[in-house]
Amino acid sequence: MATRTSIRKAPRRTARTTLVLGLAGLLAAAGVTALSGTAQAASTLGAAAAEKGRYFGTAVAANHLGEAAYASTLNTEFNSVTPENEMKWDAVEPSRGSFTYGAADRIVDHAQSRGMKVRGHTLVWHSQLPSWVGSLGTADLRAAMNNHITQVMTHWKGKIHSWDVVNEAFQDGSSGARRSSPFQDKLGNGFIEEAFRTARAADPAAKLCYNDYNTDGVNAKSNAVYNMVRDFKARGVPIDCVGFQSHFNSALSVPSDYQANLQRFADLGVDVQITELDIEGSGTAQANSYSNVVKACLAVSRCTGITVWGITDKYSWRASGTPLLFDGNYNKKPAYTAVLTALGGSGSGGGGGTASCSVTYSKQEEWSDRFNGRVTVTAGSSAITSWTTTVTVTPPQKISATWNGTPTWDSSGNVMTMRPNGNGSLAAGASTSFGFTVMKNGNSAAPVLGSCTAS
Ligand code: G3I
């Protein structure tokens, strides 16, 4: 009986390379051209974003890092973090000149030791501002603002890829005016420019961002920010990026001009980042909104990354709105699958529907004594976690080799049941394929496929 060789494929890229090289060697030894490897999509948010030249980050709270599921979800899925509260003024300089970096350091260390980027949030903001700052006179306030920026940025110099230098300095509504704050009220409009200049001097390698909410579409507030950025660029005030917080809910949905708005800022010569994304809701509607945000970012070449404002719904700042990608038990929600799919990745997720799959056959190389076949397995409208299908050959044909799958055989040796090698997860509509060599033994008939079963 012919020897059957199955070449195991592990799910990640390194293993795929091994597979392709192994297969190439096998076929080269037989004097034939190697098949190209089956493209396998990235299966985590960070990896999928990285393949698009972006990061995919999350806000992180230091006090949850000790929770195993929290940390493992963070470590598996994300490649950038933003401390949710730990770098804010009240956390790092609760009294004047007295800096406390411990909680934020834990996040930065956690990220750095795992190769994740860190966004700094935030240096100058009217909220979470200790009361002593508001009590200062003008000259003292100016000195305190610049010292705060310098001290904090110097502490993490070289470790922060982007800083929200100034956060939420504009009013909501149609006025386009600056928001009242100790900085605005005492230092005037120039405080934003001064903060950026001080920040550039403190850590020249960090990207310096202006960050705000309700600026996600073209409106009076985003127009005001746009005009400020345009003015900064024209006058050489150092600004590298604009952050769009993108907190959405039923009353504030993803604007239809979201992409156009990102693009007009990018056209000013700054990067744009989605910095605090969360979308209240559930199911398909929430998933579609998330998908639209991701697609908009991918369509804007200067949209360099997306950060969601938390990992699990249970720790969201608005937990009752279930706005995140993982539920309270760290299960992937349909929104997760939508984001991963929009990023071009593929993996298991909470599609919610019935698992199904379909199979197609195509003949590949053919020689006088044998031919290679390929079966493509495509998930239906829901994500699947595994699949099974059969390939039946006509005696005296025999299957002599397989790849990209784990075969079992019936007693006749003519019916091969194929299952995934390792992780069989496919996102909705995503495909994978396996291959095999049929020894003709005088018969060139095409193999017959059974139906595909998914779970
Ligand atoms: O840590 C204390 C805890 O010791 C205390 O017992 C408890 C009692 O209220 O408060 C805890 O602090 C809370 C902190 O979150 C940590 O959970 C604060 O009260 C609470 O105000 C704070 O809320 C944060 C909020 O910013 C403050 O404005 C949210 O976590 C944080 O997600 C949110 O993030 C902001 C961005 O920085 C800027 N854009 C909007 C976004 C959402 O509001």
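None of the values given here were measured: they were computed from a predicted structure.

Caption draft 1: Highlighting the pattern of salt bridges. Under the criterion given, the structure shown has 19 salt bridges. A salt bridge links Asp212 to Lys221; the shortest N-O distance between them is 3.3 Å. The exposure class of Lys221 is buried, given its relative accessible area of 2%. Note that Arg302 is salt-bridged to Asp271, the shortest N-O span being 2.9 Å. Of this pair, Arg302 sits in the loop between α12 (283-299) and β10 (303-308) while Asp271 sits in strand β9 (residues 271-279); the two residues are 31 residues apart in sequence, bridging distant segments of the chain. Judged by its relative accessible area of 32%, Arg302 falls in the partly exposed class. The exposure class assigned to Asp271 is buried, which follows from its relative accessible area of 10%. What you see here is one network of salt bridges that share partners, running through Glu193, Arg197, Asp231 and Arg235.

Caption draft 2: Inspection of the state of the cysteines at higher detail. Summed over the entire model, instances satisfying the criterion amount to three disulfides. Cys357 shares a disulfide with Cys452; S-S distance 2.0 Å. Disulfide Cys357-Cys452: torsion about the S-S bond near -100°, hence left-handed. In this pair, Cys357 is assigned in strand β11 (residues 357-366) and Cys452 in the loop between β18 (448-449) and β19 (453-454), connecting sequence segments 95 residues apart. Here Cys357 matches Cys452 in class, with each residue buried.

The rules behind these values
- Residues numbered from 1 in each chain as written.
- Predicted model: local features only at pLDDT ≥ 70, side-chain atom pairs only at ≥ 80, totals over all residues.
- Heavy atoms only, no water.
- Salt bridge = Lys/Arg side-chain N within 4 Å of Asp/Glu carboxyl O.
- Buried < 20%, exposed > 50% of the residue type's maximum accessible area, 1.4 Å probe, protein only.
- Helix = DSSP H or I, 4+ residues; strand = E, 2+ residues; numbered from the N terminus.
- Disulfide = S-S within 2.5 Å.

Fair warning: the whole summary comes from geometry, so function is off the table for now.
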